[in-house]
Amino acid sequence: MRPAESVVDGSRAPGEAIDAEPRAEPKDLPAVDRLLREPDVAALLQEHGHTLVAGEARGLLEARRAEARAGQLAAGAVAMPALATALRQAVEWRLAPNLRAVINLTGTVIHTNLGRALLADAALQHLLAMMAGPNNLEYDLASGGRGDRDSIVEELLTTLTGAEAATVVNNNAAAVLLTIAALASAHEGGREVIVSRGELVEIGGAFRMPDVMAAAGATLVEVGTTNRTHPHDYERAIGERTALLMKVHTSNYAVQGFTSTVDEAELARIAHAQGLPLATDLGSGSLVDLAAHGLPREPTPQEKLAAGCDVVTFSGDKLLGGPQAGLIVGSKAAISRIRKFPLKRALRMSKLPLAALEATLRLYLRPERLAQDLPTLRLLTRPAPAILVLAQQLLPAVAAAVAPRFEVSVVELMGQIGSGSLPVERLPSAGLALAPQGKKGAGRALDELATALRGLARPVIGRIAEDRLLLDLRCLEQPAWLLEQLGALRLALGLAQAQDPGPSP
Ligand SMILES: *Cc1c(COP(=O)(O)O)cnc(C)c1O
């Protein structure tokens, strides 16, 4: 993540020959104390204190000494002003955060590698307000006694989903783990959990259903086949040791063709006839009907509960559009067991995401405004024609910034919802395609362009496809963030001297 050493040096690119210049010897470099006494460094010490500045000075001089020993240090690099400048840069780099705001032009709205759902303004404001001082996280303002942090969102969740009860944990993986552990261990006879073979999914990041079962202390009983599972498969598998029936929404892949699954209503009848609970892991789980917003349908917790599920788990930062969280809704009996299970304490949500979650859920009380107020839904429902207009508006400035090395055109694109939801559905979108001029060295030119975009102060993340770098503009709500960096992009591409005066927004 840190820049190459040469950036700190500022005098030459990595590997660049310095044969023409005289070289410095290790003994030409000053001692740390001498550098710290340099007038230019005084301001740095004043601002950041001795510990950080002296530490960076030691590191810088050590690196320079190694370069000098290797005959790789230009004589000019040992001058005090050059060292002072390099030291300032080193200090600034050390203080710069690793977690940085980027511009997501990948075309994937809920991008797992780019922080998933964006928080709504209301959530950001509530988060900030609640974290600025004490709050009633576990304090009952009515009685003045101890409160339960679950109560901050439980009523909202039951209102929105129709569930009898609800609880929340760190993420949906934790919700699934806790649900299985609590419900399987509550059973006297055994800890078998019955799942269809077609639903033994792996979610990104090594979350595999069979492993989760094992970690939860449950015994997995697979029924059916990859493509077809029938009611009698479940019925036959139920025995004395069965503790739970489980259904997993296969969010990141689709089995097509000769398939058959048992829906929740049927499965609930089978489970309840034997006095067993049924849990469903929805993964993404939207609280609103996406079809009403012109998007592909995604199952809702509401309908799964209405179908008879005792527990439904889903994620806070996928389609819900909130912070990382695992939401668990269901019957009073099941939720009460889950809440009392010791693992719950280890997986409980922190006050930070909890504040954001409450504010996000409250947005759902005004469904008519949701497509405006909730960034995830706002971006997902952004019409392709509007994105195309934006692409046309940005074209001249972007084209000027990368000319003559790259040719820029407006293109229609297909984006994705992301985060494993609705894998086969695509979102019609639009954006800019940047193609290298000439075939020779095109691959290298594209890599260089992608690297330059990622190297901007607010890194721009696109995607490379068919020998072009594609910038899908669906998620670009602030075009200025891109436009104001085009000058820097031009510089990074070594194009500053070209005939074009450069872009201006
Ligand atoms: C994403 C997903 C999970 C994990 O949810 P996180 O919130 O990422 O922990 C679990 N199950 C399914 C089906 C998922 O799609």
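Heads up: the structure comes first, above all this text.
The structure presented is a predicted model; accordingly, all values stated were derived computationally and were not measured.

**Student:** Report on the packing of helix H3 (residues 39-48) against helix H4 (residues 50-69), specifying residues and quantitative values.
**Tutor:** Contact pair H3 / H4: the axes reach a minimum separation of 7 Å and the direction vectors enclose 135 degrees. Considering their axes alone, H3 and H4 lie oblique with respect to each other. On H4, the residues that touch Val-41, Leu-44, Leu-45 and His-48 of H3 are His-50, Leu-52 and Val-53. Of the residues assigned to the contact of H3 with H4, the class counts are five nonpolar, two polar and no charged.

**Student:** Summarise the pattern of salt bridges; cite the residues concerned and give the values.
**Tutor:** By the definition in use, this model includes 24 salt bridges. Salt-bridge contacts for Arg-94 lead to Glu-56; the nearest nitrogen and oxygen are separated by 2.5 Å. With Arg-94 in helix H5 (residues 80-95) and Glu-56 in helix H4, this residue pair connects regions lying 38 residues apart in the sequence. The partner of Asp-289 in a salt bridge is Arg-297, with the nearest N and O atoms 3.2 Å apart. With a relative accessible area of 35%, Asp-289 lands in the partly exposed category. Arg-297 sits in the partly exposed class, given a relative accessible area of 43%. Within the structure, one salt-bridge network assembled from shared partners comprises Glu-138, Arg-146, Arg-149 and Arg-348.

**Student:** An account of the nonpolar core is needed here, citing residue identities and associated values.
**Tutor:** Counting 52 residues, the largest nonpolar core has Leu-157, Leu-245, Phe-314, Leu-327, Leu-357 and Leu-361 as the members making the most contacts within it. Shared between two domains, this core holds at least three residues of each, these being domain 2 (103-110 + 381-492) and domain 3 (121-369). If near-sequence neighbours (up to four positions away) are discounted, Leu-327 is found in contact with Leu-157, Thr-167, Val-168, Val-312, Thr-313, Phe-314, Ser-315, Gly-316, Leu-320, Leu-357 and Leu-361.

**Student:** Which residues make up the environment of Asp-310, and what are the values?
**Tutor:** Relative to the assigned elements, Asp-310 resides in the loop between helix H12 (301-306) and strand E12 (311-315). Once residues lying within four places of it in the same chain are set aside, the contact partners of Asp-310 are His-272, Leu-276, Pro-277, Leu-278, Val-329, Gly-330, Ser-331 and Ala-334. At 2.8 Å, the side chain of Asp-310 forms a polar contact with the side chain of His-272.

Rules used in this analysis
Residues numbered from 1 in each chain as written. Predicted model: local features only at pLDDT ≥ 70, side-chain atom pairs only at ≥ 80, totals over all residues. Heavy atoms only, no water. Axes fitted to C-alpha atoms, helices over the stretch in contact; angles between N-to-C directions. Helix = DSSP H or I, 4+ residues; strand = E, 2+ residues; numbered from the N terminus. Parallel < 35°, antiparallel > 145°, perpendicular 65-115°, else oblique. Contact = heavy atoms within 4.5 Å. Nonpolar A, V, L, I, M, F, W, Y, C, P; charged D, E, K, R; others polar. Salt bridge = Lys/Arg side-chain N within 4 Å of Asp/Glu carboxyl O. Buried < 20%, exposed > 50% of the residue type's maximum accessible area, 1.4 Å probe, protein only. Core = buried A, V, L, I, M, F, W, Y, C linked by side-chain atoms within 4.5 Å. Domains from an automatic or database assignment. Polar contact = N/O pair within 3.5 Å; in protein donor to acceptor, adjacent residues only side chain to side chain.

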